[in-house]
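Topology and contacts: notes
Take a look at the letters that make up each chain.
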Amino acid sequence: MSGKRITKAREGVERTKLYPVAEAIKLVRERASAKFDETVEIALNLGVDPKHADQMVRGVVNLPNGTGRVLRVAVFARGAKADEAKAAGADVVGAEDLVAAVQGGTIDFDRCIATPDMMPLVGRLGKVLGPRGLMPNPKVGTVTMDVVAAVAASKGGAVEFRVEKAGIVQGSVGKSSFGEDKLAENIAAFVDAVVKAKPAGAKGTYLQRVAISSTMGPGVKVDPSSISVAQH
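Residues numbered from 1 in each chain as written. Predicted model: local features only at pLDDT ≥ 70, side-chain atom pairs only at ≥ 80, totals over all residues. Heavy atoms only, no water.

**A short note on the nonpolar core**
- Counting 35 residues, the largest nonpolar core has Ile 42, Leu 44, Leu 46, Ile 187, Phe 190 and Val 194 as the members making the most contacts within it.
- Mapped by element, the contributors of at least two residues to this core are α2 (21-30), β1 (39-46), β6 (158-162), β7 (168-175), α8 (180-196), β8 (207-214) and β9 (220-222).
- The leading source of residues in this core is α8, at six residues.
- Not counting chain neighbours up to four residues away, the residues in contact with Phe 190 comprise Ile 42, Leu 44, Val 61, Leu 63, Val 159, Phe 161, Val 169, Gln 170, Gly 171 and Val 173.
- With 16 residues, the next largest nonpolar core counts Val 92, Val 102, Met 118 and Leu 125 among its residues. (Core = buried A, V, L, I, M, F, W, Y, C linked by side-chain atoms within 4.5 Å. Buried < 20%, exposed > 50% of the residue type's maximum accessible area, 1.4 Å probe, protein only. Helix = DSSP H or I, 4+ residues; strand = E, 2+ residues; numbered from the N terminus. Contact = heavy atoms within 4.5 Å.)

Structure (structure tokens):
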């Protein structure tokens, strides 16, 4: 049955064609036929080699219309900062106790924030949090004294991105139930953030290919120039 559904979803999508972003969004939403609200994902092929330190791409983008997903946020903090994090809506707050829980295999959060003084402790969790993309990092605003703003950003639609080995950046840009305009705005914001994060060592064409898809749907290639038009 799933094979038939996939075949049907691919109908009307030309694999080699570059679609204007508005048309690509329409195709993706029409093909999001699962019983749940599918996530819309974006994948960018960049002209970088992440093996070189000066070609690393990473950052964070605040999607104007949010992700459509409620994230559970953990904050490593003590004293007044821990109280601020709780008041701001953090789901899990702690210090040594939270480190021990994570070391014991309890990771019931989607994003992790830490105050700078906690990093010597949190650093011990690199092998656990690193592979899951959860390690706090000052470059993406998750190591900060302003825990209130960091929790608000995480809850409100902040999406971290980082380039993978093959020079690909992937991220979520909303749900298939979002209107086409909202998805277009989120896609433009995501691409804009990745373009602004262009490293000094990047040579040649930086933004090479763009594709969007829903969780269970086919990938639709997007004409990158149509996104830059959407931004301005």
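More follows now that the structure is in view.
**Considering the pattern of salt bridges**
- Going through the model one piece at a time under the given rule, you end up with 13 salt bridges.
- With its nearest N and O atoms 3.5 Å apart, the salt bridge here joins Asp 108 to Arg 72. Of the two residues, Asp 108 sits in the loop between α4 (96-103) and β5 (111-114) while Arg 72 sits in the loop between β2 (58-62) and β3 (73-76), which places them 36 residues apart along the sequence.
- A relative accessible area of 34% places Arg 72 in the partly exposed class.
- When salt bridges with common partners are traced through the structure, they connect Arg 72, Asp 91, Asp 108 and Lys 155 into a single cluster. (Salt bridge = Lys/Arg side-chain N within 4 Å of Asp/Glu carboxyl O.)

**Comments concerning the sheet that holds β5**
- Taken together, three strands build an open sheet; the order of strands is β4-β3-β5 and the sheet is parallel. The open sheet has two free edges, formed respectively by β4 (92-94) and β5, since each of these has just one partner strand. Averaged over all neighbouring strand pairs, the angle between strand axes comes to 15°, with direction disregarded.
- Across three bridges, the pairing between β3 and β4 is parallel. Bridging from a neighbouring strand, Val 75 pairs with Val 93 of β4. (Pairing = 2+ DSSP bridges. Axes fitted to C-alpha atoms, helices over the stretch in contact; angles between N-to-C directions.)

**Brief notes about the packing of α2 against α8**
- With their axes 10 Å apart at the nearest point, α2 and α8 run at an angle of 120° to one another. With respect to α8, the axis of α2 lies oblique. Regarding α2 and α8, the two cross each other, and that crossing is right-handed. Judged by residue contacts, Val 21, Ile 25, Lys 26 and Arg 29 of α2 engage Glu 180, Leu 183, Ala 184 and Ile 187 from α8.
- Taken together, the residues of the contact of α2 with α8 sort by class into five nonpolar, no polar and three charged. (Parallel < 35°, antiparallel > 145°, perpendicular 65-115°, else oblique. Left-handed = near helix turned anticlockwise from the far one by under 90°. Nonpolar A, V, L, I, M, F, W, Y, C, P; charged D, E, K, R; others polar.)

**A look at α4**
- Buried residues of α4: Leu 98, Val 99 and Val 102, and no others. One side of α4 carries all its buried residues, which in axial view fall inside an arc of 105°.
- The inward-facing, buried residues of α4 contact β3, β4, α5 (119-122) and α6 (126-129). (Arc of directions from axis to C-beta.)

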